[in-house]
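The lines below spell out each chain.
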Amino acid sequence: MEWINELLWGEGVGHSILLLSVVIALGIQLGKLKLFGISLGITMVLFVGILLGHFGFTANPSVVHFFREFGLILFVYSVGMQVGPGFFSSFRKGGVTLNMLACGIVFLGVITALVIHYITGIPIPTMVGILSGAVTNTPGLGAAQQAYSDMTGGPDETIALGYAVAYPLGVIGIILSMIFIRYVFRVSFAKETELLEEETDMESGGEAIPISLVVKNPAIFGRSVSELSKLLEHREFVISRILRNDTNRIEIVAGNTVLNGDDKIFVITAEHDVEAIKTFIGQEIQMDRKQWIPAESQFISRRILVTRSEINGKQLGALQLRRLHGINVTRINRAGL
């Protein structure tokens, strides 16, 4: 039974991994709980770690070092993958201003930390930890610990201590400030949510909705998809596939594809354009998405991450994917939308 004791209360690798797993799992579950409509989310993992550390649970230093470095690498990599492709193009839309504001926040925090250091005499390493915690900058904590270790050849526990003390106040302080501002200015969540949804719909065209239609409008019989797009130029939609009424074959739609009566088409459209598209083209029918890709079909559906910098800022129409390669782009996922 010694191995159980070592696993639960020791300082070995197995104990450290179990401890980290418990902290993460418990923190995620507790972060889902709401108090007065507020939940701390993933931040609760840190609070659980602080709590268990208070009761004397410790982890192997080598394991802690590995997870800290590896976690920082994953964090930076994930952020880079999400914002990297559009980073430089964002400078055209106020990116410089936003980055200058971000730098201003960092410099203001540094100046404040230096002022507190000279007034109170708190050591600089500890103040760096407090600064990282106050602005909830976990990568900053990792960078500070690594820099101190490189300069002195050893760690300084007060960096993490200062971070752990300041972080909860940094999170709770922001929440309390937002609640205070909400009540002072009488902000309505319902009204703000409605305005935000309207702005999002105007900017992004709304949520993508797949629908299946039967062509019933005689005015578009014999017209090509390109002509239909011109007739509905103010509507957001893409016709992906067509099921011919005469041959009962499914085809990939191109710009020169001609629409005939009783043809069935698979359309991806914006949420606010659904009714207009249905009214103009024809009758909606219930067809499962799998029915649009028969088992013997050579159709291929792919999700592609855009990483080539020369593509940034270009319109889909300029790439001529449909005309040159027979590709229909039906959806774009940008930052989760």
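Worth saying up front: this structure is predicted, and the values here are computed from it rather than measured.

Colleague: Sorry if this is basic, but what is going on with the overall build of the chain here?
Modeller: Summing up its helical and strand segments, the chain has 13 helices and five strands in all. Considering the chain as a whole, with its 337 residues, one finds that 24% of them fall into the buried category. Within the chain, residue pairs in contact and separated by at least 24 positions form 67% of the contacts whose partners lie at least 6 positions apart. With the model as given, the accessible surface of the chain reaches about 23500 Å², and the carbon-plus-sulfur share is 63%.

Colleague: What should I look at first to understand helix α5 (residues 95-120) in this one?
Modeller: In an α-helix, one turn spans 3.6 residues, which is why side chains three or four residues apart end up on the same side. Taking 1.5 Å of rise per residue, the 26 residues of α5 would be expected to cover 38 Å, and the 38 Å separating its terminal C-alpha atoms lies within 8% of that figure. The elements touched by buried residues of α5 are α6 (124-134). Just downstream of α5, G121 is the residue with a positive phi angle, here 80°.

Colleague: When you look at the nonpolar core in this model, what are you seeing that I'm missing?
Modeller: Buried together is how nonpolar side chains tend to be arranged in soluble globular proteins. Counting 17 residues, the largest nonpolar core has L228, I239, I265, V267, I277 and I281 as the members making the most contacts within it. Listing elements by their share of this core, those giving two or more residues are β1 (208-215), α10 (225-231), β2 (237-243), β4 (264-270) and α11 (274-281). The contact partners of I265, leaving out residues within four places of it in the chain, are I211, S212, L213, V215, I239, R241, I242, L259, I281 and W292.

Colleague: Would you mind going over a nonpolar patch on the surface with me for this structure?
Modeller: A cluster of nonpolar side chains, V13, I17, F66, F67, F70 and L74, forms an exposed patch at the surface whose accessible area comes to about 540 Å². F67 gets classed as partly exposed once you look at its relative accessible area, which sits at 37%.

Colleague: Before we go on, may I ask you to explain unusual backbone geometry in this structure?
Modeller: In terms of backbone geometry, most residues other than glycine have negative phi values and most peptide bonds are trans. Unlike most non-glycine residues, N248 shows phi in positive territory, near 60°. In this structure, N248 sits in the loop between β2 and β3 (250-252). Since its relative accessible area comes to 61%, N248 is described here as exposed. Within the chain, Q320 stands out as a residue other than glycine whose phi angle is a positive 55°. Along the chain, Q320 falls in the loop between α12 (316-319) and α13 (321-325). Residue classification places Q320 among the partly exposed positions, given a relative accessible area of 32%.

Colleague: Mind showing me how you'd approach the sheet that holds β4 here?
Modeller: To summarise the sheet geometry, strands pair through backbone hydrogen bonds and adopt either a parallel or an antiparallel arrangement. The strand order across the open sheet formed by five strands is β3-β2-β4-β1-β5, and the pairing between neighbours is antiparallel. Each of the sheet's edge strands pairs with one partner strand only, and the pair in question is β3 and β5 (282-285). Shown here is a sheet whose adjacent strand axes are inclined to one another by a mean of 35°, direction ignored. Where β2 meets β4, six bridges bridge the pair, whose relative direction is antiparallel. By the bridge assignment, F237 is partnered in β4 with T269. Along the sheet, α11 contacts β1, β2, β4 and β5; its crossing angle with β1, the most-contacted strand, is approximately 10°.

Colleague: Could you clarify how one ought to interpret the pattern of salt bridges in this entry?
Modeller: Side chains that differ in sign of charge can pair as their charged atoms come close. For the coordinates displayed, the defined rule picks out six salt bridges. Residues E251 and R244 are paired through a salt bridge, measuring 3.7 Å at the closest nitrogen-oxygen approach. Residue R244 is classed as buried on the basis of its relative accessible area, which comes to 12%. Each of R244, E251 and D263 takes part in one network of salt bridges that share partners.

Colleague: Where do I start with helix α7 (residues 138-152) in this structure?
Modeller: The terminal C-alpha atoms of α7, which comprises 15 residues, lie 21 Å apart, in line with the 21 Å expected from a rise of 1.5 Å per residue. Those residues of α7 that sit buried are G140, L141, G142, A144 and Q145. Each element contacted by the buried residues of α7 is listed here: α4 (61-83), α6 and α8 (157-184). Of the residues that open α7, the one with a side-chain oxygen 3.0 Å from the backbone nitrogen of G140 is N137. G153 sits one or two residues past α7 and shows a positive phi near 85°.

Cut-offs used in this document
- Residues numbered from 1 in each chain as written.
- Predicted model: local features only at pLDDT ≥ 70, side-chain atom pairs only at ≥ 80, totals over all residues.
- Heavy atoms only, no water.
- Helix = DSSP H or I, 4+ residues; strand = E, 2+ residues; numbered from the N terminus.
- Buried < 20%, exposed > 50% of the residue type's maximum accessible area, 1.4 Å probe, protein only.
- Contact = heavy atoms within 4.5 Å.
- Areas by Shrake-Rupley, 256 points an atom, 1.4 Å probe, with all protein chains shown as cover.
- Expected span 1.5 Å × (residues − 1).
- Core = buried A, V, L, I, M, F, W, Y, C linked by side-chain atoms within 4.5 Å.
- Patch = residues over 30% accessible without salt bridge, like charges linked within 9 Å, V, L, I, M, F, W, Y side chains within 5 Å.
- Salt bridge = Lys/Arg side-chain N within 4 Å of Asp/Glu carboxyl O.
- Pairing = 2+ DSSP bridges.
- Axes fitted to C-alpha atoms, helices over the stretch in contact; angles between N-to-C directions.
- Polar contact = N/O pair within 3.5 Å; in protein donor to acceptor, adjacent residues only side chain to side chain.

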